[in-house]
Amino acid sequence: MRRESDLIDVWFDSGSMPYAQWHYPFENKEKIDQGTAFPADFIAEGVDQTRGWFFTLHAIATMVFDSVAYKSVISNGLVLDKNGLKMSKRLGNGVDPFATLEQYGPDATRWYMISNAQPWDNLKFDENGIGEVQRKFFGTLHNTYNFLVLYANIDGYNGSEDAIVYEQRPEIDRWVLSRLHSMIAEVDQAYQDLEPTKAARAIQSFTIDELSNWHVRLSRRRFWKGELTEDKMSAYQTLVECLQTVAILGSPIAPFYLDRLFRDLQEGLGQASDMESVHLATFPAVKTAWIDLELEARMALAQQLSSQVLSLRKREKLRVRQPLRRILVPVLNEDMERRMRAVEPLILSEVNVKELQILRDGAESDVTIVKRIKADFKQLGPRFGQRMKALAAAVGTMDAEAIQQLESNGSIDVHPADGLGPAEVLLSDVEIATEDIPGWLVSSAAGVTVALDIVLDDVLRSEGTARELVNRIQTMRKESGFEVTDRIEVQLKAEKAIQQAIASNMDYIRAETLADEIHWSEVDSKEEVILDDGQSIWMTLKKVNR
């Protein structure tokens, strides 16, 4: 090596990047002169370089070519410690990047940094956040893939079967494919707009909330079925397509893990592709015919209602395995009622409730729901300034009819006492709460109100005991190393009251646990299972050889 003595300035060198990278004018002269590789598509640097590199690039390009030097730029923010302080040796709050990469890997680190804050914003770096990304996003992908492969191996599914056309797939599959292609459009636009944070968050939300926590969870029974039916085939093909698409969409951010996932899907499930790597795959095209906004709307309503009911259960410490009698939902319009009826079986199954009662205006009911409303000052303040207090007072006087109108339409005109005329208040400008009723729990969120009947009778308690027993048997199956298809024999010992509860639900218990025989005896095992209500059952499991 030798030192180059003909050096103008380091900023001049770096500012010549668009042409120096092509060794212009000694090579590739046409790329610059004909504009095929100039101006540069994109550059990124720290915010402290706006008067250095960014300026020099444009200064040289303007003088030599009378042109801008680049088309797009991101001015990166700073990486701060988790408290928002600049990292420094003096404060001892620096993070060793090599140690971080060694512990968490480059993909989780990169995904955390990109999904946590926009690149042009300062990032409060917290290693705990990387661990959370590992568990929630990458852990979810890992578990979903393992779930797929487990049952694919059992059924001998290898992806070689003809694809089931979209129109013939069950609604739950059409929904997730609709959401998948809506997400593809969102991610594609985010990448084009140089907003990788939006892309990462959209991919993560789809993977965790919609694919794993909704589609896969609600489809588990479809995978458990013994034979490879068309319904089960659709479940496999839909899940494979979703995972493969997520791998392609997220690969610019997590290039290593998602390449491995993509190749495992290709090799392990025989997906027809000559691609050696996800980074050689074509970006997915949006299939607009598969996007069903009405289907997405009613499924979103099912998710919203289920979330509220499950939150009420959690608040009252009522486990989901305990069946409840009914939920009551006042509807705001015909569209809401129609959508709710369409997803009623799904909601009831998800929250383990026997009946959904829909309440329309004027309809008689044994339950009266009382709502309270108050202004959200953080929302009203920026919009109305000094009028905020008068508006808040007017909002506080709204009656039940006005509250319902606001929930139905998303806005309402109120008339403050400040003499300045009416003002439009949005649903996001207020907080609507509901009062609990004896024997009921009530919740309101996002314009949806639901009341949950929490009174238990003997029949409901018996069903709850049976479901609890099923859960404990399944846990023991797993701990005993049984295969998911193994048939078993169950021996039980318990008090008479529990025996009666289990006897009335015996068919359900057998079907759920693949138990050929369940009988009462003096068990050999000391395995005591304590149910949530404090009662005990002793049991042993034995594999049945056929």
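Parameters and conventions
Residues numbered from 1 in each chain as written. Predicted model: local features only at pLDDT ≥ 70, side-chain atom pairs only at ≥ 80, totals over all residues. Heavy atoms only, no water. Helix = DSSP H or I, 4+ residues; strand = E, 2+ residues; numbered from the N terminus. Buried < 20%, exposed > 50% of the residue type's maximum accessible area, 1.4 Å probe, protein only. Contact = heavy atoms within 4.5 Å. Polar contact = N/O pair within 3.5 Å; in protein donor to acceptor, adjacent residues only side chain to side chain. Core = buried A, V, L, I, M, F, W, Y, C linked by side-chain atoms within 4.5 Å. Pairing = 2+ DSSP bridges. Axes fitted to C-alpha atoms, helices over the stretch in contact; angles between N-to-C directions. Parallel < 35°, antiparallel > 145°, perpendicular 65-115°, else oblique. Nonpolar A, V, L, I, M, F, W, Y, C, P; charged D, E, K, R; others polar. Arc of directions from axis to C-beta. Phe/Tyr/Trp six-rings, centres within 6.5 Å; stacked < 30°, edge-to-face > 60°. Lys NZ or Arg CZ within 6 Å of the ring centre and 35° of its normal. Patch = residues over 30% accessible without salt bridge, like charges linked within 9 Å, V, L, I, M, F, W, Y side chains within 5 Å. Areas by Shrake-Rupley, 256 points an atom, 1.4 Å probe, with all protein chains shown as cover. Salt bridge = Lys/Arg side-chain N within 4 Å of Asp/Glu carboxyl O.

A. The arrangement of the overall build of the chain in detail. Scanning the chain for helices and strands turns up 21 helices and 16 strands. On the principal axes, the C-alpha backbone points of the chain span a range of 95 × 80 × 55 Å. Put simply, the chain has 546 residues, and 45% of those count as buried. In the chain, 72% of the contacts between residues at least 6 apart in sequence involve partners at least 24 apart.

B. Representation of the side chain of Asp173 within the structure. Mapping Asp173 onto the fold places it in helix H8 (residues 171–192). Here the side chain of Asp173 touches Ser234 through a polar contact of 2.5 Å, side chain to side chain.

C. Representation of the nonpolar core in the model. Core analysis: the biggest nonpolar cluster contains 84 residues, and Trp111, Met183 and Met340 have the highest contact counts within it. Considering every element that reaches this core, the biggest residue donor is helix H11 (residues 230–250), with eleven residues. If we ignore the near neighbours within four places in the chain, the residues touching Met183 are Ala202, Ile203, Phe206, Val246 and Leu249. If you look at the next biggest cluster of nonpolar residues, it comprises 19 residues, including Ala375, Ala394, Ala423 and Ile432.

D. Structural detail: the sheet that holds strand S11 (residues 440–445). Spatial strand order, S6-S5-S12-S11: four strands in an open sheet with mixed pairing. The open sheet is flanked by strand S6 (353–359) and S11, the only strands paired with a single partner. For this sheet, the mean angle separating the axes of adjacent strands, direction not counted, is 20 degrees. Packing of helix H14 (residues 334–342) onto the sheet brings it into contact with strand S5 (324–330), S6 and strand S12 (448–453), and relative to S6 it is tilted by some 165 degrees.

E. Region of the structure containing the packing of helix H9 (residues 196–218) against helix H13 (residues 293–316). Remark: H9 packs on H13, axes separated minimally by 13 Å, with the N-to-C direction vectors making an angle of 75 degrees. Accordingly, the angle class assigned to the pair H9 and H13 is roughly perpendicular. For the pair H9 and H13, contact is made by Asp209, Glu210 and Trp214 and by Met299, Ala302, Gln303 and Ser306, respectively. Across the contact of H9 with H13, the residue classes tally to three nonpolar, two polar and two charged.

F. Helix H17 (residues 388–396), seen in detail. Those residues of H17 lying buried are Met388, Leu391, Ala392, Ala394 and Val395. Buried residues along H17 cover an arc of 160 degrees about the axis, so they all sit on one side.

G. Focus on the side chain of Lys232. Examined against the element boundaries, Lys232 turns out to sit in helix H11. Looking at Lys232, its side chain comes within polar contact range of the side chain of Asp155, at 2.6 Å. Reaching out from Lys232, the side chain makes a polar contact with the backbone oxygen of Phe223 at a distance of 3.1 Å. Here Lys232 is in contact with Asp155, Arg222, Phe223, Trp224, Lys225, Gly226 and Glu227, once residues within four sequence places are set aside.

H. A look at unusual backbone geometry. Between Tyr24 and Pro25 the backbone carries a cis peptide bond, its omega angle lying at 5 degrees. Looking at the element boundaries, Pro25 is found in the loop between helix H2 (17–20) and helix H3 (29–33). Look at the link from Phe38 to Pro39: it is a cis peptide, with omega at 0 degrees. Looking at the secondary structure, you find Pro39 in the loop between H3 and strand S1 (40–46). At His23, a position not held by glycine, the phi torsion is positive, near 60 degrees. Residue class for His23 comes out partly exposed when judged on its relative accessible area of 41%. With phi around 60 degrees, Lys317 is a residue other than glycine that occupies positive phi space.

I. Inspection of the environment of Asp231 at higher detail. Note that Asp231 resides in helix H11. Remark: the alpha-carbon pair of Asp231 and Gln168, spanning 63 residues in sequence, is separated by 9.2 Å. Sequence-distant contacts of Asp231, that is, excluding residues within four places in its chain, are made with Pro170, Arg222 and Lys225.

J. Representation of the packing of aromatic side chains within the structure. Inspection of every chain in the model, using the stated rule, returns 18 aromatic pairs. With 6.4 Å between their ring centres and 45 degrees between their planes, Tyr151 and Phe223 make a pair best called tilted. In this pair, Tyr151 sits in helix H7 (residues 127–155) while Phe223 sits in helix H10 (residues 220–224), placing the two residues 72 residues apart along the sequence. By relative accessible area, which is 1% here, Phe223 ends up buried. With 5.1 Å between their ring centres and 80 degrees between their planes, Phe223 and Tyr236 make a pair best called edge-to-face. Of the two residues, Phe223 is situated in helix H10 and Tyr236 in helix H11; the sequence distance between them amounts to 13 residues. The pair Phe223 / Tyr236 is uniform in exposure class, with both members buried. Following the ring pairs from residue to residue traces out a cluster consisting of Phe147, Tyr151, Tyr157, Phe223 and Tyr236. The residue whose ring lies beneath Lys31 is Trp22, and the NZ or CZ to ring-centre distance is 4.9 Å. Cation over ring: Lys287 sits above Trp290, and NZ or CZ is 4.1 Å from the ring centre.

K. Up close: a nonpolar patch on the surface. A surface patch of nonpolar side chains, about 290 Å² in accessible area, is lined by Leu7, Val10 and Trp11. Summarising the element assignment, Val10 is placed in helix H1 (residues 10–15).

L. Representation of the pairing of S6. S6 sits mainly inside the fold: five of its seven residues count as buried. Relative to S6, S5 is paired through six bridges, and the arrangement is parallel. Looking at S6, one finds that Pro330 is bridged to Leu359.

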